Amino acid sequence: MSAAPTPDGRPDDPVTPTSAPLALEYPCGEAPAPGEVREIAPGVLWLRMPLPFALNHINLWAVADEDERGTGWAVIDTGTKTPEAMAAWRQLISPTGPLAATRQGARITRVFCTHMHPDHVGMAGWLTRKFQCRLWMTRLEYLTCRTLVADTGREAPDDAIEFYHQMGWTDEALDVYRSRFGGYSKYMHMLPDSFQRIRDGQTLRIGANEWRVVVGTGHSPEHACLVSDELGVMVSGDQVLPRISSNVSVFPTEPEADPLRDWIESIERLRATLSDDLLVLPAHGDPFRGLHARLDRLAQGHERGLQRLRRSLNESPKRTVDVFGALFARAIEGNGDLLGMATGEGVAHLNHLLARGEALREMGTDGVYRYRMV
């Protein structure tokens, strides 16, 4: 796995000699190649798709299903709209492909998407139209996705330019942002115009088993995990990843948001309500056991970041772009996506301290916020 931050997450802090070992087990072996499948639980297949990012793959899952038209597969997450992903999907569903060789056949019965990021929902429109099946998704993820798609081709709004200026971006970085704005749907087929809503706590029957919807927040608005207690399996999407911490960001559309609080509360809720025995099926990395240890590590990682941020703000007032060294293990260079993700996560940590009454911010004469500890 790349050590670089990615569209879906950033590397965990390096383990120090005094750090407790992370007690994770990876029982499923080598990942399948794109266009191939591997059964990792009864009626649950592991698929992997290439991504055109620093993080070069996403895991998808197929669950044996049945509807009024017969047997098939319920797919969970879809990959991006790229020629490589399209080739992998065509191989998977071809009459001589690996799905056709199963008892279920190569038909897709429905498409579940954990959340609205393009690597998860990018091929959903193509699959649902090809198989005349329904997209299943939480309402807030679907509607947020539709909103972001509607920005395609728009000029960058003044509110967004002002937001990033306030965080300390240079004129050059703002120009790059203007040139790239509206590119959300670059890796997405057109979404279906209707969907089936899933809700937190809802129980769904997929094939022979019951699956619970467990919603997490912070990384995205209403991220759906799927848990089968009968199979002992949890599809975690980006809510729990084994080796990177999912990006938790503030965006110009809601500049005063506190998604880090949502993220921390979600970690606590998952820790309290889910069994540690589950086989966790993440969107990136390999399936693993050790859910509670991983959740503890994620919580500790953000607390360590907050502690470093407090020390930095105690030294002197800082702009958002000045706190990257306290939060990230590598330099944030350039004016592209990496700067945007780092800024979003930096503001998330700063807003969390503001909401807790630990920090203050003041607008400078240059129109840029400086933050300091109370």
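Everything numeric here is computed off the predicted structure, so don't read it as measured data. (Residues numbered from 1 in each chain as written. Predicted model: local features only at pLDDT ≥ 70, side-chain atom pairs only at ≥ 80, totals over all residues. Heavy atoms only, no water.)

A look at the side chain of Thr80
Counted only if it meets this: Counting from the N terminus, the helices are the DSSP runs of H or I reaching at least four residues and the strands are the DSSP runs of E reaching at least two. Exposure categories follow from relative accessible area, calculated using a 1.4 Å probe and restricted to protein chains: below 20% of the type maximum is buried, above 50% is exposed, and the middle band is partly exposed. Any two residues whose heavy atoms approach within 4.5 Å are treated as being in contact.
Considering the arrangement of structural elements, one finds Thr80 in the loop between β5 (70–76) and α1 (83–93). With a relative accessible area of 0%, Thr80 lands in the buried category. The contacts of Thr80, once residues within four sequence positions are left out, are Pro50, Leu51, Pro52, Phe53, Ala85, Pro118, Asp119, Gly122, Met123 and Tyr187.

Notes on the nonpolar core
Formally: To form a nonpolar core, buried Ala, Val, Leu, Ile, Met, Phe, Trp, Tyr and Cys residues must be joined to one another through side-chain atoms within 4.5 Å.
With 51 residues, the main nonpolar core has Trp169, Tyr177, Met234, Val240, Leu274, Leu291 and Leu313 as its most contacted residues. For this core, the leading source of residues is helix α10 (residues 337–355), giving 8 residues. Setting aside its immediate chain neighbours within four residues, Leu274 contacts Arg212, Val214, Val227, Met234, Leu291 and His292. Core analysis: the next-biggest nonpolar cluster, separate from the first, contains 40 residues, Leu55, Trp73, Ala106 and Ala283 among them.

Re the packing of aromatic side chains
Under the convention used in this document: In summary, the pairing rule links any two rings of Phe, Tyr or Trp, Trp by its six-membered ring, whose centres are within 6.5 Å, and it sorts them by plane angle into stacked for under 30 degrees, edge-to-face for over 60 and tilted for everything else. By the criterion adopted, a ring carries a charge over it if an Arg CZ or a Lys NZ lies within 6 Å of its centre and within 35 degrees of its normal.
On inspection of all chains with the given rule, the structure shows 12 aromatic pairs. Measuring from ring centre to ring centre gives 6.0 Å for Trp46 and Trp61, while their planes differ by 25 degrees; the resulting arrangement is stacked. One end of the pair, Trp46, is in strand β3 (residues 44–50); the other, Trp61, is in strand β4 (residues 57–67), and 15 residues separate them in sequence. Comparing Trp46 with Trp61, the two get one shared label, buried. One residue, Arg110, lies across the ring of Trp136, its end atom 4.7 Å from the ring centre. Geometry around Tyr369 places Arg361 over its ring, the cationic atom sitting 4.2 Å from the centre.

Re the sheet that holds strand β2 (residues 38–41)
Going by this rule: Pairing between strands requires that DSSP locate at least two bridges from one strand to the other. Angles here are taken between N-to-C directions and fall from 0 to 180 degrees, while the axes themselves are lines fitted to C-alpha atoms, restricted in helices to the stretch in contact.
Strand order in the open sheet formed by 7 strands is β2-β3-β4-β5-β6-β7-β8, with mixed pairing between adjacent strands. Only two strands of the sheet have a single partner each, and these edge strands are β2 and β8 (196–197). Sheet topology note: the β5/strand β6 (residues 108–112) ladder contains 4 bridges and is parallel. Across the sheet, residue Trp73 finds its bridge partner in β6, namely Ile108. The strands that helix α3 (residues 124–131) touches are β6 and β7 (134–137); relative to β6, the one it contacts most, it runs at about 155 degrees.

Let's talk about the pattern of salt bridges
Stated formally: Salt bridge criterion: a side-chain nitrogen from Lys or Arg within 4 Å of a carboxyl oxygen from Asp or Glu.
Summed over the entire model, instances satisfying the criterion amount to 19 salt bridges. A salt bridge links Arg107 to Asp67; the shortest N-O distance between them is 2.7 Å. Note that Arg107 is positioned in the loop between α1 and β6 and Asp67 in strand β4, a separation of 40 residues in sequence. For Arg107, a relative accessible area of 16% gives the class buried. Residue Arg370 pairs with Asp366 through a salt bridge whose shortest N-O separation is 2.8 Å. In this structure Asp366 comes out as partly exposed when scored by relative accessible area, which is 38%.

Considerations on the confidence of the model for the protein
Spelled out, the test is: Scored from 0 to 100, pLDDT reflects the predictor's confidence in each residue.
Confidence in the prediction of the protein, expressed as mean pLDDT, is 93, and 94% of residues score 70 or more. Predicted confidence is poor over residues 1–8, with pLDDT under 50, and the contacts of this stretch with residues over four places away or in other chains come to 33 contacts. Predicted confidence for residues 13–21 stays below pLDDT 50, and this span has 6 contacts to residues more than four positions away or in other chains.

Here's the deal with the packing of helix α5 (residues 158–166) against helix α6 (residues 171–180)
Counted only if it meets this: Here is the rule for angles: anything less than 35 degrees is roughly parallel, anything more than 145 is roughly antiparallel, 65 through 115 is roughly perpendicular, and the remaining ranges are oblique. Take the far helix as your reference; a near helix turned counterclockwise from it by less than a right angle gives a left-handed crossing, and one turned clockwise gives a right-handed crossing. Three categories are distinguished: nonpolar for Ala, Val, Leu, Ile, Met, Phe, Trp, Tyr, Cys and Pro, charged for Asp, Glu, Lys and Arg, and polar for the others, with Gly belonging to the last.
The interhelical angle for the contact between α5 and α6, taken along N-to-C directions, is 150 degrees, at an axis separation of 10 Å. The angle between α5 and α6 falls in the class roughly antiparallel. For α5 against α6, the interelement crossing comes out right-handed. Along its contact with α5, which presents Ala160, Ile161, Tyr164 and His165, the element α6 presents Leu174, Tyr177 and Arg178. Of the residues belonging to the contact of α5 with α6, the class tally is 5 nonpolar, 1 polar and 1 charged.

Considerations on helix α7 (residues 259–273)
For clarity, the threshold we go by: An expected span of 1.5 Å times one less than the residue number is assigned to each helix. Comment: arc refers to directions from the helix axis out to C-beta atoms.
Given a rise of 1.5 Å per residue, 15 residues ought to cover 21 Å, and the 21 Å separating the end C-alpha atoms of α7 matches this to within 8%. If you check which residues of α7 are buried, you get Pro259, Leu260, Trp263, Ser266, Ile267 and Leu270. One side of α7 carries all its buried residues, which in axial view fall inside an arc of 120 degrees. The exposed set on the far side of α7, more than 90 degrees from its buried face, consists of Glu268 and Ala272. Looking at the buried positions of α7, the neighbouring elements they touch are β10 (209–216), β13 (244–246), α8 (291–315) and α10.

What to know about the sheet that holds strand β14 (residues 279–282)
Overall, mixed pairing links the 5 strands, which are arranged β9-β10-β11-β12-β14 in an open sheet. Looking at strand neighbours, the two that pair on one side only are β9 (203–206) and β14, the edges of this open sheet. Adjacent strand axes in the sheet meet at a mean angle of 30 degrees, parallel and antiparallel pairs treated alike. Looking at chain direction, strand β11 (residues 223–228) and strand β12 (residues 233–237) are connected through 3 bridges and run antiparallel. From the neighbouring strand, Leu226 faces β12, where its bridge partner is Val235.

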